[in-house]
Amino acid sequence: MAYRLGIDVGGTNTDAVILDENNRVLAQTKTHTTEDIGSGIATAIQQVFADTEIAKEDVTIAMLGTTQCTNAIVERKKLISVGVLRVAAPATHSIPPFTDWDPELVAAIRPQTAIVSGGHEYDGRLIATVDEDKVRTVLEQWRGKVDAVAIVGAFSALNADQEEQVRAVVAQVYGKDFPVSLSSAIGSLGLIERENATVLNSALFAVIEKVTSGFANSLRDVGVTNASLFLCQNDGTLMALDYAQKYPIFTIGSGPTNSIRGAAFLSELKDAIVLDIGGTTSDLGVLVNGFPRESSIAVNVGGVKTNFRMPDINSIGIGGGTVVHQHDDGTFTVGPDSVGYRITEKALVFGGDVLTLTDVAVRLGKANLGDPEKVAHVDLDLAQKVEQQVKQMLEDAIDSMKTQAGDVDLVLVGGGAIVAPATLNGVKQIHQDQLGAVANAIGATIAQVGGEYEKMYSYDAVDREDALADATEAAKQQALKAGARAETVKLVEMTETAIAYAPGNTTRVKAKVVGEIELDTLG
Amino acid sequence: MRNLTKENIENIATGASFMGAGGGGNPYIGKLMVLAALEQGGQPITLLDVTEVDPDALYIPVACMGAPSVMMEKFPCGDEFQKVIRALEKHLGKQVKGTFPIEAGGVNSMIPLVLAAQTGLPVVDCDSMGRAFPELQMTTLHLAGVRCAPMVVADEKGNLSVLETVTDKWAELLARDMTVEMGATACVAQYASTGQQLQDGAIHGIVTKCEQIGAIVHDHKLGTQEKRQAIVEVTGGYHLFDGKVVDVIQKVVGGFNRGTIVLEGLNASTGQTMEISYQNENLVAHIDGQLVISVPDLICFADVDSLVPITTEEVKYGKRMTVFGLPSDDKWRTEAGVDLVGPRYFGFDFDFVTVEELLHERGAK
């Protein structure tokens, strides 16, 4: 028998689950996330095996969802020095790299920057050719000052040849193993946002190295010695460790994604809205054809505007620990503050003195937690009004995630799910599962391997069918590189966007594929 | 006369997004250009009141022309703005004393500030649209008899052209063609004006108005209702509608984004439906089939809670918006103004009636 071990490291909890080949959940555990991450992972692994007869050697695949890359950016820690080569001159000098960044983050990255000749026009013509000698001169000047390079070409989403050309020069000068990120592999249209994402990706190379080696070591130390290891990406797919080392930024946002995927698995739905109620916030995501919907707007990461793919998540201040403020005039407000992980000492039902949404749920008889006697004095009318307001806030949030009118299926997961009302307007049915509290770890464990590709085609020059086939094949190659089994790879998403103002019927085509993990890679 | 701080610039950019009436391109790239020019040892940016200009001196607006979506990927080298100004100075044989935005709405609100930071030229607190419009001849300076040409068009590669044209519409046509060849974005200088012409023909105080709107939106101490009221007061406009987007019908026609947005009423508008037609900018709005506002008056969107401005590109199903109606400047509400940018120019089969009158009629029913 072969088993899968999935671990999700969140801000508060580290969860672990074991699934068998038929995706049955055999064991699950929840422990506190530790400062060093690694010891929390080790504890979770020990605990999850303690409940089962499963031999650790029989685990053949292990996957990790982690927030360490996000934390490194937010805390400005462990980032390496990045040299930014923007290939776009004479255009774009008016906004140098790092304009309007937080100076602290710039200081942490200790950047070198150069804008060298090159780049494409919107219609595929060249702005300029690449001056390789100039690139070499720049790299010589940077020698010893940069740990990684980020290469960003104007309209590289249209044509990445020049970025590849500059990468080859970097390999000649610094050696072929020198870490490099190409913007065309990371973000979409919008040079500044894509450049920012590419810089962050390069700055995270040391962090991801530590995560991957730490994960491998933790597993080996506890006796999981036969497993192939994967990291979770923010689109609900996995990357093999060597691939993850090149694209650390794709781990950012994988937490909510895993919850959405886990919710999909538990509910057996492919299209639904997922509501994950935690201690402090409710995160809403949208499940489209089994995967989370991507955000279409620029996303801030640690105060930096980026445009790499991120799950479309709407967070509102409703959680189990959310505080209900009562005012002198008899009115009240719900949140947005929360007692967070201190709920077991602060909430009324646990002997504290703060009225939380958990207390309201207990007062209304919806949950049996702590000591219900301790909320008996809470005015029933107030409790009902609070619940009415929570209902309204959740309904508004759900509605804002819809792309069309009509009722939707809702999957309710997370540790704070008890505060949700029994019915919600705009919702066909609320789906819940007793494993909902570890939906994120389940999401990590069931993840598949994916690949995606984006390019602009002129439908006047290329037949539409050929363009779609070309994009699909390129996405497939990405999936194979990431560790997918060729015969299982299938297309899950194809988007075509007509580009306004551009002649030649220019259309941006984006293909996304997924497949099962290649068994040959298994130990 | 006063110097603009970084905070002032952030506020102007936000207000410019609002005053774009849904179009004009997101001012984000423009704002970054201003901040970069200042970071690179730029000079303080001075804002002049129109009353402070020299009536005989020369003032020239600089702008970017082309597709804002292309500019998100390929933006200027940065020296084009000085080049177009110097070329026009040379052509006219007269030195320029200041600059101003050709349109206060959208990304072009920011371009004169870049030039100001680079050269120390003051920015005059006026523009020639009071909003954003898609074509070069759609200016109040045109109405006042100022000529668009001689006009200079330049790209980042060093190509530069001086245009002499017989009409302002010809300037639009020829410059538009060059812009496409230059990669769908170009830097332009046109409508060379005397201080006197600005006092007579430009829309005054518009930069400050944008700044005031931005300051209201960014003021964390104000509640939603207070912000809404403050915006109405600053703009002399109307709070037309609160609604949720229930449909967006969109198509690209001849390089322009055309479409219809349908809102289902919220709050005081519950039970009503608003439909807005747009072509890059918002053009016409109906509530339950009844016309409430049309171009050249402004239809401006903002988030229903935060009041952060929303452009038509950002509108999608489920978005909750507050819709404001702003009277356009009186210069647009003339026969010539309405001929140039009224509903009939944009293909609607009715005459322009002011938003005040339309709301009065609606109230009377």
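In every chain, residue numbers begin from 1 and rise along the written sequence. The order in which chains are written sets their letters, starting at A; the order in which ligands are written sets their numbers, starting at 1. Only residues with pLDDT of 70 or above have their local features reported here, since the model is predicted, and side-chain atom pairs are shown and tallied only from 80 upward, although totals for entire chains, interfaces and linings are computed over all residues.

In this section: the overall build of chain B. The helix count covers DSSP runs of H or I at least four residues long, the strand count covers runs of E at least two residues long, and both are numbered beginning at the N terminus. On a plain count of helices and strands, chain B comes out with 12 helices and 20 strands. Throughout, the radius of gyration refers to the C-alpha atoms, and the reference size of a globule is 2.2 Å times the residue count to the power 0.38. Computed over the C-alpha atoms, the radius of gyration of chain B is 20 Å, within 12% of the 21 Å expected from 2.2 N^0.38 for a compact globule of 365 residues. Here the C-alpha coordinates of chain B stretch approximately 60 × 45 × 40 Å along the principal axes. Of all 365 residues assigned to chain B, the portion counted as buried reaches 54%. Any residue surrounded by 20 or more other C-beta atoms within 10 Å of its C-beta is treated as buried, while 12 or fewer makes it exposed and the intermediate range makes it partly exposed; C-beta atoms here are placed from the backbone.

What follows deals with the overall build of chain A. Tallying secondary structure elements over chain A gives 14 helices and 23 strands in all. Against the globule reference of 24 Å for 523 residues, chain A gives a C-alpha radius of gyration of 25 Å, in line with a compact fold. Across its three principal directions, the C-alpha atoms of chain A cover 80 × 55 × 45 Å. Scored against the burial criterion, the 523 residues of chain A give a buried share of 50%.

Residue and element names in this part refer to chain A. What a helix is expected to span follows from its residue count: subtract one and scale by 1.5 Å. Taking 1.5 Å of rise per residue, 14 residues should cover 20 Å, and helix α5 (residues 161-174) covers 20 Å from first to last C-alpha, within 8% of that figure. Within α5, burial applies to Gln162, Glu163, Val166 and Val170. Down the axis of α5, the buried set is contained in an arc of 100 degrees. They therefore lie on one face. Contact between residues is assigned whenever the C-beta positions, reconstructed from backbone atoms, fall within 7 Å. Elements in contact with the buried residues of α5: β5 (82-89), α4 (132-142), β7 (148-153) and β8 (180-182). Once α5 ends, the next one or two residues include glycine 175, with phi positive near 100 degrees. Note: the arc covers the axis-to-C-beta directions of the helix.

Attention now goes to the environment of B:Thr140. Residues and elements named next belong to chain B. Among the secondary structure elements, threonine 140 is positioned in helix α6 (residues 140-143). The exposure class of threonine 140 is buried, given the 25 C-beta atoms found within 10 Å. Remark: the alpha-carbon pair of threonine 140 and lysine 331, spanning 191 residues in sequence, is separated by 6.5 Å. In this view, threonine 140 contacts Ser128, Gly201, Ala202, Ile203, Asp329, Lys331 and Trp332; residues no more than four positions away in its chain are not counted.

What follows deals with helix α10 (residues 224-235) of chain B. Residue and element names in this part refer to chain B. Its 12 residues give α10 an end-to-end C-alpha distance of 17 Å, which sits within 8% of 16 Å, the value for a rise of 1.5 Å per residue. Residues Lys227, Ile231 and Thr235 constitute the buried set of α10. All buried residues of α10 project into a common sector of 50 degrees when viewed along the axis, lining one side. What points out from α10, more than 90 degrees from its buried face, is the exposed set Gln225 and Glu233. Positive backbone phi, approximately 65 degrees, marks glycine 236, located one or two places after α10.

Residues and elements named next belong to chain B. Counting buried residues in strand β15 (residues 273-279) gives five out of seven residues, a clear majority hidden from the surface. Relative to strand β16 (residues 281-287), β15 runs antiparallel, the two being bridged by six bridges. Within β16, the position partnered with tyrosine 278 by the bridge is asparagine 282. When DSSP finds two or more bridges between a pair of strands, those strands are recorded as paired. Connecting the antiparallel pair β15 and β16 is a turn made up of one residue, with asparagine 280 showing a positive phi of about 60 degrees.

In this complex, chain A contributes 30 residues to the contact, which on the side of chain B involves 26 residues. Contributing elements (two or more residues each) for the side of chain A that touches chain B: α6 (191-203) and α12 (380-401) of chain A. Sort the elements by how many residues they give to the side of chain A that touches chain B and α12(A) lands first, with three residues. Each residue receives one of three labels: charged for Asp, Glu, Lys and Arg, nonpolar for Ala, Val, Leu, Ile, Met, Phe, Trp, Tyr, Cys and Pro, and polar for the others, Gly being one of them. Among the residues forming the side of chain A that touches chain B, the class breakdown is 17 nonpolar, nine polar and four charged.

Turning next to the domain arrangement of chain A. Bring the parts together and some accessible area is lost; that lost area is often taken as the interface size. Those domain boundaries reflect an automatic or database domain assignment. With domains assigned, chain A is organised as domain 1 (3-72 + 208-252), domain 2 (80-203), domain 3 (270-437) and domain 4 (448-521). Taking only C-alpha atoms into account, the centre of domain 2 of chain A sits 25 Å from that of domain 4 of chain A.

All names here are of chain B. For chain B, the assigned domains are domain 1 (2-204) and domain 2 (235-364). Taken over C-alpha atoms, the centre of domain 1 sits 26 Å from the centre of domain 2. Residue-level contacts link 17 residues of domain 1 with 21 residues of domain 2. For the side of domain 1 that touches domain 2, the elements supplying multiple residues, two or more each, are α1 (6-19) and α6. Among the elements that take part in the side of domain 1 that touches domain 2, α1 stands out by supplying three residues, more than any other. In terms of residue class, the side of domain 1 that touches domain 2 is made up of eight nonpolar, eight polar and one charged.

Looking now at the packing of helix α2 (residues 68-75) of chain A against helix α7 (residues 205-222) of chain A. All names here are of chain A. To get an axis, fit a line to the C-alpha atoms, keeping to the stretch in contact for a helix; angles then go from 0 to 180 degrees between the N-to-C directions. In the contact formed by α2 and α7, the axes pass within 10 Å of each other and the chain directions differ by 145 degrees. Note that α2 runs across α7; the crossing there is right-handed. Residues Gln68, Cys69 and Ala72 of α2 form the contact with α7, whose own contacting residues are Val207, Ile208 and Val211. When the residues that make up the contact of α2 with α7 are grouped by side-chain class, the tally is five nonpolar, one polar and no charged. For any pair of crossing helices, the crossing counts as left-handed if the nearer helix is rotated counterclockwise from the farther one by less than a right angle, and right-handed if it is rotated clockwise.

All names here are of chain B. One open sheet holds the three strands; their spatial order is β5-β3-β11, and the pairing between them is mixed. Among the strands making up the open sheet, the edge pair consists of β5 (96-98) and β11 (193-194). Pairing geometry for strand β3 (residues 58-59) and β5, over two bridges, is parallel. Its bridge partner lying in β5, tyrosine 59 is registered against glycine 98.

Moving on to the sheet that holds strand β1 (residues 2-4) of chain B. Neighbouring strands of a sheet are bound in pairs by backbone hydrogen bonds; such pairs are parallel or else antiparallel. Residues and elements named next belong to chain B. Sheet architecture is open: three strands sit in the order β1-β2-β6, paired in mixed fashion. Both outer strands of the open sheet, β1 and β6 (123-124), are each paired with one neighbouring strand and no more. Helix-sheet contacts for helix α5 (residues 111-119) involve β2 (45-48) and β6, and the interaxial angle to β2 is about 120 degrees.

With that out of the way, let us pick up the packing of α4(A) against α5(A). Residue and element names in this part refer to chain A. Interaxial distance between α4 and α5 falls to 10 Å at its minimum, and their mutual angle equals 45 degrees. Put simply, α4 runs oblique to α5. Two packed elements cross with a definite hand, and for α4 against α5 that hand is right-handed. Contacts from Glu132, Val135, Arg136, Leu139 and Glu140 of α4 reach α5 at Val166, Val169, Val170, Val173 and Tyr174. In the contact of α4 with α5, the residues fall into seven nonpolar, no polar and three charged. Should an angle lie under 35 degrees it is considered roughly parallel, over 145 roughly antiparallel, and from 65 to 115 roughly perpendicular; all remaining angles are considered oblique.

Scored from 0 to 100, pLDDT records how confident the predictor is in each individual residue. Of all residues in chain B, 98% have pLDDT values of 70 or greater, and the mean over the chain is 94. For this predicted complex, the interface score ipTM comes out at 0.93, alongside a pTM of 0.88.

Successive side chains on a regular strand alternate, one facing one side of the sheet and the next facing the other. All names here are of chain A. In this sheet, strand β3 (residues 25-32) lies alongside strand β2 (residues 13-19) in antiparallel orientation, the contact comprising seven bridges. Bridge pairing in β3 links valine 17 to glutamine 28. In sequence, β2 turns back onto β3 through a hairpin of five residues, with asparagine 23 there showing a positive phi of about 60 degrees.

Turning our attention to unusual backbone geometry. The step from B:Ala149 to B:Pro150 runs through a cis peptide bond, and the omega angle for that step is 0 degrees. Mapping B:Pro150 onto the fold places it in the loop between α6 and β8 (151-154). A cis geometry characterises the amide bond from B:Val295 onward to B:Pro296, with omega recorded as 10 degrees. With respect to the helices and strands, the residue B:Pro296 is situated in the loop between β17 (290-294) and β18 (298-303). Look at A:Arg76: it is not a glycine, yet its phi comes out positive at around 55 degrees.

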